[in-house]
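Structure assessment
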Amino acid sequence: MSRFLSPGRWLKWGCWLGTLFMLLAYLAWQLPQRHWSSSITAAFPAAADWQRDVLADHNASRQLRLVLTGLDAETLAQVATALQQNMLLPSDGVAPAVLSWITPEQQLAQLQAYISRTAGLLISPTAQQQLANGQYAQLTEAGWQRLFSPVPFQETALPQDPLLLSQQAIETLLASLQQPGQQLTAAGGFLTGNSNGQHFVLLHAQMSIDPFDTALAVPLHAALQQQLTKLQQQYPALRWYHSGVLFHAVKAAQRAQAEMSWYGGLSLLAIVLLLGLVFASATPLLLALATLTTAALAGLAAVVWLFPAPHVLAFVFATTLIGVAIDYSFHGLLAVQQGAAFFRRMLPGLSLSLLSTLLGYAALLLLPMTILNQVAVFMLTGLTVAYLMVRWLYPAVLQQGGLPVSAVARRCATAIIRCWQRLTLRQSWSLLLGAAGCSGLVFLSVYQFSDDVRAFNQPDPQLKIHEQQVQLYSGQSFDNKFLLVSADNPQTLLQRESLLKPLLQSWQQQGVLAGWQAVSDWLPSQQAQQQLQQQLQQAYQSVVFSRYFSELGLAVPAPISQWLSTADLPDFLAQQLFQPKAGLGAPPYVSVILLRDARLDAAQLTQLPASANAMYFDPVADASARVAAVRQLLLQGLMLAVAAALLLLCWRYGLRQSAAIALFLLVAVLSALNVSLLLGQALTLFHLVGVLLVVALAFDYAIFFVSGLDTEEVQLAVGLSALTSMLAFGMLAFSQTPVIAGFGLTVLTGILVAVLTAPVLIKIGVKE
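To start, this report covers the structure provided alongside it. (Residues numbered from 1 in each chain as written. Predicted model: local features only at pLDDT ≥ 70, side-chain atom pairs only at ≥ 80, totals over all residues. Heavy atoms only, no water.)

**Here's the deal with the overall build of the protein**
Worth spelling out the cut-off: Helix and strand definitions here come from DSSP, where helices need a minimum of 4 consecutive H or I residues and strands a minimum of 2 consecutive E residues; each element is numbered from the N-terminal end. When accessible area is computed with a 1.4 Å probe and restricted to protein chains, residues below 20% of their type maximum are described as buried, those above 50% as exposed, and intermediate ones as partly exposed. For accessible areas, the Shrake-Rupley method is used with a probe of radius 1.4 Å. Any residue's cover is judged against the shown protein chains and nothing else.
Secondary structure assignment for the protein yields 30 helices and 11 strands. With 768 residues in all, the protein has 52% of them scored as buried. Total accessible area on the protein is roughly 33500 Å²; 61% of this is exposed by carbon and sulfur atoms.

**A few points about helix α29 (residues 738–757)**
Rules: The span one expects for a helix is its residue count, reduced by one, times 1.5 Å.
An ideal rise of 1.5 Å per residue puts 28 Å on 20 residues; α29 measures up with 29 Å between its terminal C-alpha atoms. In terms of burial, α29 is largely enclosed, as 16 of its 20 residues are buried.

**With respect to the environment of Gln254**
Inspection of the secondary structure assignment puts Gln254 in helix α9 (residues 245–279). For the pair formed by Gln254 and Val312, sequence separation is 58 residues and the distance between their alpha carbons is 9.7 Å.

**A look at the layout of surface pockets**
Here is the rule: The pocket and cavity definitions rest on a 1 Å grid over protein atoms only: a 1.4 Å probe that fits but cannot leave marks a cavity, an open set with protein on both sides within 12 Å along at least five of seven lines marks a pocket, and residues lining either have an atom within 4 Å of a point. Grid points are joined across faces, edges and corners, and a volume is the space filled by probe spheres set on the points. Residues are sorted three ways: Asp, Glu, Lys and Arg are charged, Ala, Val, Leu, Ile, Met, Phe, Trp, Tyr, Cys and Pro are nonpolar, and all the rest, Gly among them, are polar.
The volume enclosed by the second largest pocket comes to roughly 1000 Å³. If you go around the second largest pocket, you meet 34 residues; those closest to its centre are Ile123, Pro125, Lys501, Ser520 and Asp521. Elements supplying a minimum of two residues to the lining of the second largest pocket: α5 (125–132), α7 (165–177), α19 (490–510), β8 (515–517), α20 (519–522) and α21 (526–540). Residues that form the lining of the second largest pocket fall into these classes: 15 nonpolar, 16 polar and 3 charged.

**Concerning the nonpolar core**
Let me state the cut-off plainly: Take the buried residues of types Ala, Val, Leu, Ile, Met, Phe, Trp, Tyr and Cys, join any two whose side-chain atoms come within 4.5 Å, and each joined set is a nonpolar core. Note that the domain bounds were set by an automatic or database domain assignment. Whether two residues are in contact is decided by their heavy atoms, any of which lying within 4.5 Å being enough.
Within the largest apolar cluster, 141 residues are counted, with the highest numbers of intra-cluster contacts made by Tyr361 and Leu383. No other element matches helix α27 (residues 685–705), which puts 18 residues into this core. Counting only domains with at least three residues in this core, you end up with domain 1 (1–33 + 281–404) and domain 2 (417–474 + 619–768). Every residue in contact with Leu383, bar those within four places of it in the chain, is listed here: Leu321, Val324, Ala325, Tyr328, Leu354, Thr357, Leu358 and Tyr361.

**Details of a nonpolar patch on the surface**
We apply this condition: Patches draw on residues past 30% relative accessible area with no salt bridge. Two like charges within 9 Å are joined, as are two nonpolar side chains (Val, Leu, Ile, Met, Phe, Trp, Tyr) within 5 Å. By definition here, a salt bridge exists when the distance from a side-chain nitrogen of Lys or Arg to a carboxyl oxygen of Asp or Glu is within 4 Å.
A grouping of Leu444, Tyr447 and Phe449 is seen on the molecular surface, where their side chains present a nonpolar patch of about 300 Å² in accessible area. Within the secondary structure layout, Leu444 lies in helix α17 (residues 425–446).

**Describing the environment of Ala754**
Within the secondary structure, Ala754 sits in helix α29. With a relative accessible area of 1%, Ala754 lands in the buried category. Between the C-alpha atoms of Ala754 and Leu665, which are 89 residues apart in sequence, the distance is 7.7 Å.

**Details of the packing of aromatic side chains**
Here is the rule we go by: Side-chain rings of Phe, Tyr and Trp (the six-membered ring for Trp) are treated as a pair once their centres are within 6.5 Å; stacked means planes under 30 degrees apart, edge-to-face means over 60, and tilted covers the remaining angles. Two conditions define a charge sitting above a ring: the NZ of Lys or the CZ of Arg must be within 6 Å of the ring centre, and it must be within 35 degrees of the ring normal.
As enumerated under the stated definition, the model contains 10 aromatic pairs in all. Seen in terms of ring centroids, Tyr136 and Phe545 are 5.6 Å apart; in terms of plane orientation they differ by 70 degrees. Their pairing is edge-to-face. One end of the pair, Tyr136, is in helix α6 (residues 136–148); the other, Phe545, is in helix α22 (residues 543–552), and 409 residues separate them in sequence. The pair formed by Tyr136 and Phe545 is uniform in burial state, with each residue classed as buried. Of the aromatic side chains, those joined through ring pairs into one cluster are Tyr136, Trp144, Tyr540, Phe545, Tyr548 and Phe549. The cationic tip of Arg631 hangs over the ring face of Phe449; the distance from NZ or CZ to the ring centre is 4.4 Å.

**Things to note about the packing of helix α16 (residues 407–421) against helix α28 (residues 711–732)**
In plain terms, the rule: In this analysis an axis means a line fitted to C-alpha atoms, helices contributing only their contacting stretch, and an angle means the value between N-to-C directions, from 0 to 180 degrees. Angles are sorted into four bins: roughly parallel if under 35 degrees, roughly antiparallel if over 145, roughly perpendicular if 65 to 115, and oblique for all others. Helix crossings are classified by the rotation of the near helix relative to the far one: an anticlockwise turn of less than a right angle makes the crossing left-handed, while a clockwise turn makes it right-handed.
Taken N-terminus to C-terminus, the directions of α16 and α28 make an angle of 115 degrees; their axes are 9 Å apart at the nearest point. Taken together, the axes of α16 and α28 lie roughly perpendicular to each other. Between α16 and α28 lies a crossing whose hand is right-handed. Mapping the contact onto sequence places Ala409, Arg410, Ala413, Thr414, Ile416, Ile417 and Gln421 in α16 and Thr711, Glu712, Glu713, Gln715 and Leu716 in α28. Tallied by class, residues from the contact of α16 with α28 come to 5 nonpolar, 4 polar and 3 charged.

Structure follows, in structure tokens:
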């Protein structure tokens with residue numbers, strides 16, 4: 001009773017409760033202000049250049065398209081109108097300005113205004129060639145055909161463009177954007193068409209939010225789905241397909257959050273059951289849960305404090321804190337039962353285990369990958385807090401012999417130890433050397449790494465079908481590959497784009513490029529506009545044109561002195577021009593040339609003229625290259641951390657034990673990787689993250705087995721910890737996200753091998 005009322009005990013309780021209260025208060029204040037990221041690509045390292053920033057500003061990621069079909073044309077028009085008019089309300093959790101519908105009438109009005117502004121300043125390549133060759137009769141004949149064709153034209157443009165060359169050029173450009181056989185018609189605020197006898201409506205919308213901002217994207221997604229579901233209830237035959245980054249981002253976020261809750265919850269449940277079976281008391285259960293809760297809150301607070309946009313995937317990986325921290329709890333719980341002297345003898349091993357684990361996770365801080373930095377901060381903070389709680393709080397709460405341990409658990413631990421004690425010293429070394437050699441040979445014969453970011457996430461099959469259907473109906477599809485042209489001013493930028501046209505046409509003729517969209521096709525440079533005006537004014541003086549003007553009753557067009565500029569461009573073209581943020585070596589002006597069905601190899605890319613100052617940019621290949629670089633850095637950092645930990649152990653335990661621990665680590669790590677490889681998986685960056693945890697836990701097991709403590713107590717603590725960790729990571733192996741599944745399988749196998757082979761270190765640790 002006097003021990004229960006001791007001031008030191010109450011001081012420790014007070015410190016813990018005060019820390020817990022401050023963590024909860026800080027998180028309650030800060031969490032609502034944080035926007036959680038869920039995109040896997042957002043987790044990749046930010047490139048130290050301007051290309052990624054340019055594409056991040058590209059509005060394509062904030063657009064979405066909807067296709068409605070399955071009904072007759074009139075009913076589809078009614079459904080589309082109802083969808084556009086039923087604006088999202090604040091009661092849906094979405095501000096009205098979040099989503100705006102882009103109507104063909106808006107785009108057509110911009111296009112007509114641009115056509116009228118381009119009169120006499122824009123010409124198609126065919127007409128340009130005829131003008132340069134003096135084929136004036138062909139030009140005037142084409143002009144008559146256009147004047148008498150059913151295609152409407154702007155009469156106001158005739159005085160400046162009597163041949164309607166600008167309108168012809170724009171119609172040619174528009175036709176090049178549409179795939180053959182696909183005809184779309186503007187009608188009542190949307191586009192309509194017919195595909196295989198099925199009427200359909202195509203809707204286009206623009207979001208004012210970042211689709212990866214789950215706090216705003218999830219309510220928008222839910223409100224859209226609710227409206228579409230209501231319409232389908234009203235019209236059962238209605239079918240719809242959607243396309244856009246929003247749907248993929250929300251799906252990935254929901255799946256990651258669900259897995260985080262599911263796997264974290266099951267891990268805690270496994271711990272509860274283990275503690276209940278082993279100790280048959282609520283005290284260790286409450287103490288372990290208090291340790292894990294405090295450690296997790298401290299890790300979360302550290303991440304929220306240091307990172308403005310925490311990543312959901314980081315906290316899926318951070319559930320590994322449960323596996324490592326519970327190991328400390330088991331060692332503390334069992335050591336207290338053996339008395340204060342045993343607990344003091346256990347502390348150096350626990351401290352050394354913490355230090356070696358922290359060294360491993362600290363290596364992640366050196367990598368330019370935000371998600372791994374967040375995992376490192378979470379684990380470094382959480383493990384330190386868990387260690388401090390075990391060291392200072394457990395002795396104040398528990399009494400020697402106060403917790404009876406299950407006899408079954410002790411018998412299992414004793415049986416395992418006796419099995420390994422039958423080995424001689426030579427047999428122990430032979431086992432380690434043989435296992436390490438065999439594992440190494442298997443690894444060298446089958447290993448392969450993959451840094452392709454497309455394999456990091458499993459696309460939702462339903463969303464993939466939706467994307468394919470929208471592409472089929474709309475007939476528009478540009479690749480996620482670009483040509484980026486840079487210059488010091490807009491005019492030089494347009495001139496450099498023009499230098500690329502012969503090469504683009506050559507690639508198109510070779511069949512390695514289906515098409516493209518460049519700003520300079522729509523907006524010639526001022527120099528090109530001036531040259532066109534000179535050629536036209538010269539042609540206007542010819543007999544052919546004099547007769548043409550006379551028959552039309554038009555005067556010779558006056559020379560134009562006001563030239564087209566980027567300010568005249570319609571919105572869909574202006575989106576391809578950028579002024580990157582200062583720094584990172586960014587040029588003042590950049591244009592993006594969109595490509596369709598590009599299949600360009602390295603030899604063809606070398607044909608890009610240096611004078612065009614252009615570069616081919618594939619975001620997927622770029623992200624994969626950055627991930628490969630991070631993988632190399634992680635591997636180097638992991639090797640340095642292991643070397644530092646082994647040097648520390650060499651100083652503490654000697655060369656022989658350190659060499660044995662090194663072989664033991666090699667067996668555990670290679671076995672974990674070999675299982676993935678033999679199952680047909682290529683190793684990725686996240687397999688190496690799993691290796692990092694395997695190394696941390698294996699170091700922990702090894703340190704306690706060579707520390708000279710009671711081997712049965714060590715085996716009991718290590719076995720309980722390993723069983724808990726395997727339950728947690730075994731469940732991660734069934735994740736729908738490939739990187740999480742690979743991570744879970746690696747850790748599961750590594751821990752299993754480590755806990756089964758760690759007792760071999762007992763014999764090696766005995767001094768002869």
